[in-house]
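Take a look at the letters that make up each chain.
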Amino acid sequence: MDILVVSNFIVNLVKTDHAIVFSCSFMDFKDTSLALMERNQFVSVVHLNESYSLESILTRESHARTSILVNANCSGTAHLLFQASESRYFNKTYQWFLWGVDLDVITLFPLELKYVGPNAQITFINKTENGYAYWDVHSKGRHLKSQLEINLIATLTNDTLNIVCDIFHLQSIEFRGQFRGLNLRGASVIDKEDIISNEQIESILSRPTKDSGVAAFIKYHYELLGLLRERFNFTVNFRNSRGWAGRLGNTTFRLGLLGIIMRNEADIAASGAFNRINRFAEFDIIHQSWKFETAFLYRYTPDLDTHGKSGNFLSPFSDRVWLFSLLTLGLFSIIWMLFEIIDFKFLQQRNFGQKRNNSTQKINTEINNLCIKTTCIERILQTFGACCQQGLDPNPKDRSVRFLVMTLFLFSLVMYNYYTSSVVGGLLSSSDQGPSSVDEITSSPLKISFEDIGYYKVLFRESENQSIKRLIEKKLSSARKSNELGIFSHIEEAVPYLKAGGFAFHCEVVDAYPVIAEFFDANEICDLREVSGLMEVEIMNWILHKNSQYTEIFRTAMCNAHEKGFVERILRRRQIKKPACQSLYTVYPVSLSGVLPAFVTLICGFLISLLLLCMEKLYVYLGLPNRVVFGKCVNFSIKIKVQILFHSLRF
C-alpha cells in the first residue's frame, strides 16, 4: 500500500485517531505503521493469513474515530469482508479503507455481502493514469439486490490531493437519502383471518377509522412509516402476523412480529413493541412517542359505590371509631349509675336516721324516686338521647351528674360535627365513586369484556399476576347468556352496553373515545369512569433488527421529523382526548345498600320494644306486681319502650 495514499486518507479525509491495519505484507506493517505513528495515530496490525477474531479486535471500546485499512490484494480479504458483513461492522463507527489496485469493486462486494447498506463507510482505492482515486462505496440494501453506488471522493495526482466532494457529505443522510423506489420488507400485526396480501394490509392500515383486530398504535406507526417512505422514496411489501410475541413451546424460537424482526425477515415494522429488558439485546430502537394506555371503561351507577360514601351512614367513621365510641358511652352510663348508687347510699343513711313519726307516704315516695334513678335501661336511653342531641329529661339534680352530662353533650357536639361534615362531603364528592382498581372491578357486579385483539389472549395465558387470575376466575370462567356480550368483542358492539350501565369494557382508550363522544350525551359522559392497572402504561418502541443497516439513517430521520413537528401532528390526530364533562353537576341517588344500616337499626329498636312488652306480659302473668320495689317501677316501662322506639326512629 502506498504510504502517501494511506496518510492522505487518514489525515486529510476522514481525520481519525486510531488505525487498524489488515494486511499480509510485512512491509505494510512496517512502513504504514511508522508513517501513521509519525502523524500521532494509534496503530494496530493484524495479519490476514493468520488466525484472528474480528469480534475481539473491533470491540465496543473502539470509538467512532477508527479507520480500518485493508490490503484487498491479500487472499484473506474475502473472508474478512464476509465476517465484517455478518457482524454488521460496516456502520457509522468505522471508516473502511480498501486498497484495491488492479481489482474490481464489484468482485470485492458480491451479493453475498448482505450488510453493505446506506450506513456503510467504505472507501475503495484504485489506480488511475496519473495517480490514484478515492471512491465512496455503499448500497441501499444488498440483501434486496440493490446495486452498489460508487462516487468519487478525491484523486491523488503528483502527490497532490484533489478533493472532488467532501467524504462526510457523501456518507450523510442528505446524500444517501434517495432509495429510488427500493422495495423494503415490512411487517405488521392485524389480528384477522385471511389477511395475506400486501394490498389487503395497506388498505386496512391506511384507513383513518378504527378497524377490528388492529391496535391504535399499529396505524400510528404506519403513518410514521409513511413519513420515512416520503423522505427516502422507498416502498414496502408487508407480511402479516396475527400477534406480537410468543415462543414455540419451550424453545427460544420467537413467534409473531418480534420473531420476524429478530430473524431479520423484515427491514421495518408498522408497529410498536413494549419495553422489556430482554429485548434490548435483540432489537434497535429508532423512535419512541406513542403512549400505550388501556383501561376499563364503564358508566357509573349508584349501585357501584364501592367506597360507601354515597349514603352509608356508618362510613364516616371507621369500625374502630364506632367501637371506641360505643365503649365510651357504655362506660359513661356505668359511671352515671355508680354516681347515683353513691347518692342512694347517702339517702339511705339519712332515711335510717329519720324519726319514726315520718309518714309512710314519704318513705314510699323516696323508694319510688330511687327506683327511677336506678333504672339501668332508662339511664342507657338518656345517654343515647344526649348523644343524639335530643336533650335530657328529667334533668339531674346532683352537681356531679350534671357535670358528667355536660361532658357528654360536649362530646356529642364534637362527634356530630365530624360526622355531618363527612356525610355532606361524601354526598357532594363524585370523583371517587365506583370501582377504582382491578380488584374492585373484580368484586363489583359489573359484567366485563375485552377488545378482540391478540395481546389480551397472551396476557391471560401467560400472566402470573394474582389480580388477573382472580379476574379470570370470577368474571371470565362462567358461561354467558345469549343476550350478553362475549368475553372478546369490538368497541362498536360494546358501546350500547356501556351506555346502559352495569358493564365494563377494556380496550385502548384512544379507540373508544371517538365512539363514546358520538353516542353518549353530556350527563352520560360525566358518568364515564376509567380504571387502569391491568396493563402497564408505557411508551412504545419502534424497533428494527439489531444492528440493522437502516438504524442510523431512520433514527436520524425520525429525530428530524420530531423536531419539525410532523410527529406531533400525527399524535394529535391519533391520540384523541377524553370527551370533556359539560354538565355542571350530577345528582346520584342514594342506593339501598347505603341506607340499609339505618333500616337495620330501626328494626332492632322495634324488636327490643317487643321484647320488653313480652317481659311485661310475663311479669303480669306470673303475679309479680305484689312485690313492692319492682312494682313501683312498672309505671315507667311504657316510657322506656316509647323512648327506645323514638330514639331508633330519630337515629
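Residues numbered from 1 in each chain as written. Predicted model: local features only at pLDDT ≥ 70, side-chain atom pairs only at ≥ 80, totals over all residues. Heavy atoms only, no water.

Asks: Could you give me a rundown of the state of the cysteines, with the residues and numbers involved?
Replies: Within the structure shown, the criterion is met by two disulfides. Between the sulfur atoms of Cys-24 and its disulfide mate Cys-74 the distance is 2.1 Å. Across the S-S bond linking Cys-24 and Cys-74, the dihedral sits near -85 degrees, which makes this disulfide left-handed. Here the residue Cys-24 occupies a position in the loop between strand E1 (18–23) and helix H2 (26–38), and Cys-74 occupies one in the loop between strand E3 (66–71) and helix H4 (77–86), the gap between them amounting to 50 residues. Look at Cys-74 and you get buried, because its relative accessible area is 5%. Put simply, Cys-526 and Cys-581 are joined by a disulfide, and their sulfur atoms are 1.8 Å apart. Here the disulfide of Cys-526 and Cys-581 is right-handed, its torsion about the S-S bond being about 95 degrees. Residue Cys-526 is found in helix H20 (residues 522–526), and its partner Cys-581 is found in the loop between helix H22 (566–574) and helix H23 (592–621); the two are separated by 55 residues along the sequence. (Disulfide = S-S within 2.5 Å. Helix = DSSP H or I, 4+ residues; strand = E, 2+ residues; numbered from the N terminus. Buried < 20%, exposed > 50% of the residue type's maximum accessible area, 1.4 Å probe, protein only.)

Asks: Any details on empty space enclosed by the protein? Residues and values, ideally.
Replies: Rolled over the atoms, a probe as big as a water molecule pinpoints where empty space is left. Following the criterion strictly, the structure yields three cavities of 30 Å³ or more and no others. Approximately 60 Å³ is the volume found for the largest cavity. Every residue along the wall of the largest cavity is listed here: Leu-258, Ala-273, Phe-274, Asn-275, Arg-276, Arg-279, Phe-280, Phe-283, Ile-285, Asn-541 and Ile-543. Only strand E12 (283–292) and strand E18 (538–545) provide two or more residues apiece to the lining of the largest cavity. (1 Å grid on protein atoms, 1.4 Å probe; cavity = no way out; pocket = protein on both sides within 12 Å on 5 of 7 lines; lining within 4 Å. Points joined across faces, edges and corners; volume = space filled by probe spheres on them.)

Asks: Requested: an account of the sheet that holds strand E5 (residues 122–127), with residues and values cited.
Replies: Taken together, the eight strands give an open sheet; going across it, the order is E2-E1-E3-E4-E5-E6-E7-E8, and neighbouring strands pair in mixed fashion. The open sheet has two edge strands with one neighbour each: strand E2 (42–47) and strand E8 (160–163). Here the strands of the sheet are splayed against their neighbours by 25 degrees on average, with no regard to which way each runs. Pairing between E1 and E2: six bridges, direction parallel. Across the sheet, Ile-20 pairs through a bridge with Ser-44, a residue of E2. Against the sheet, H2 touches E1, E2 and E3, its axis set at about 170 degrees to E2. Those strands touched by H4 are E1, E3 and strand E4 (94–99), and its axis lies near 145 degrees from that of E3. (Pairing = 2+ DSSP bridges. Axes fitted to C-alpha atoms, helices over the stretch in contact; angles between N-to-C directions. Contact = heavy atoms within 4.5 Å.)

Asks: Give a detailed account of the pattern of salt bridges, specifying residues and quantitative values.
Replies: This structure, assessed with the given rule, holds 27 salt bridges. Asp-452 is paired through a salt bridge with Lys-457; the nearest N and O atoms lie 3.1 Å apart. When its relative accessible area of 32% is taken as the criterion, Lys-457 is described as partly exposed. (Salt bridge = Lys/Arg side-chain N within 4 Å of Asp/Glu carboxyl O.)

Asks: Quick rundown of the pairing of E3? Include the residues and the values.
Replies: In terms of residue burial, E3 counts as a mostly covered element, since six of its six residues are buried. Side chains Thr-66, Ile-68 and Val-70 project from E3 onto one buried face, and the interleaved Ser-67, Leu-69 and Asn-71 project onto a second face that is buried too. Two strands pair when backbone bridges link them, and E1 and E3 are joined in this way by five bridges, in the parallel orientation. The residue bridging His-18 from the neighbouring strand is Thr-66, located in E3.

Asks: Pulling in residues and values, what's your account of the sheet that holds strand E10 (residues 234–241)?
Replies: Pairing is parallel across the open sheet formed by three strands, whose spatial order is E10-E9-E11. Only two strands of the sheet have a single neighbouring strand rather than two, namely E10 and strand E11 (268–269). Note that strand E9 (residues 182–189) and E10 share eight bridges and pair parallel. Bridging across to E10, Val-189 finds its partner in Ser-241. Along the sheet, helix H8 (residues 198–205) contacts E9 and E10; its crossing angle with E10, the most-contacted strand, is approximately 95 degrees.

Asks: Before we move on, could you go through the layout of surface pockets and cite the residues and values that matter?
Replies: Taken as a whole, the second largest pocket encloses approximately 890 Å³ of empty space. Of all the secondary-structure elements, those providing two or more residues to the lining of the second largest pocket are helix H10 (256–262), helix H16 (454–462) and E18. Considering every element that reaches the lining of the second largest pocket, the biggest residue donor is H16, with seven residues. Its residues assigned to classes, the lining of the second largest pocket shows 13 nonpolar, seven polar and 11 charged. (Nonpolar A, V, L, I, M, F, W, Y, C, P; charged D, E, K, R; others polar.)

Asks: Give me the lowdown on the packing of helix H9 (residues 216–232) against H22, citing residues and values where you can.
Replies: Between H9 and H22, the shortest axis-to-axis distance is 11 Å and the interhelical angle comes to 155 degrees. Classed by the angle they form, the pair H9 and H22 counts as roughly antiparallel. For H9 against H22, the interelement crossing comes out right-handed. Here Lys-219, Tyr-220, Glu-223, Leu-224 and Leu-227 of H9 lie close against H22, whose contacting residues are Phe-566, Val-567, Ile-570, Leu-571, Arg-573 and Arg-574. (Parallel < 35°, antiparallel > 145°, perpendicular 65-115°, else oblique. Left-handed = near helix turned anticlockwise from the far one by under 90°.)

Asks: Describe the packing of aromatic side chains, with residues and values.
Replies: On inspection of all chains with the given rule, the structure shows 26 aromatic pairs. Seen in terms of ring centroids, Phe-217 and Phe-292 are 5.7 Å apart; in terms of plane orientation they differ by 80 degrees. Their pairing is edge-to-face. On the criterion of sequence distance, the pair formed by Phe-217 in helix H9 and Phe-292 in strand E12 is long-range, its members being 75 residues apart. Exposure class is identical for Phe-217 and Phe-292. Each is buried. Aromatic pair Tyr-220 and Trp-290: ring centres 4.9 Å apart, planes at 35 degrees, arrangement tilted. Highlighted residues: Tyr-220 in helix H9 and Trp-290 in strand E12, separated in sequence by 70 residues. (Phe/Tyr/Trp six-rings, centres within 6.5 Å; stacked < 30°, edge-to-face > 60°.)

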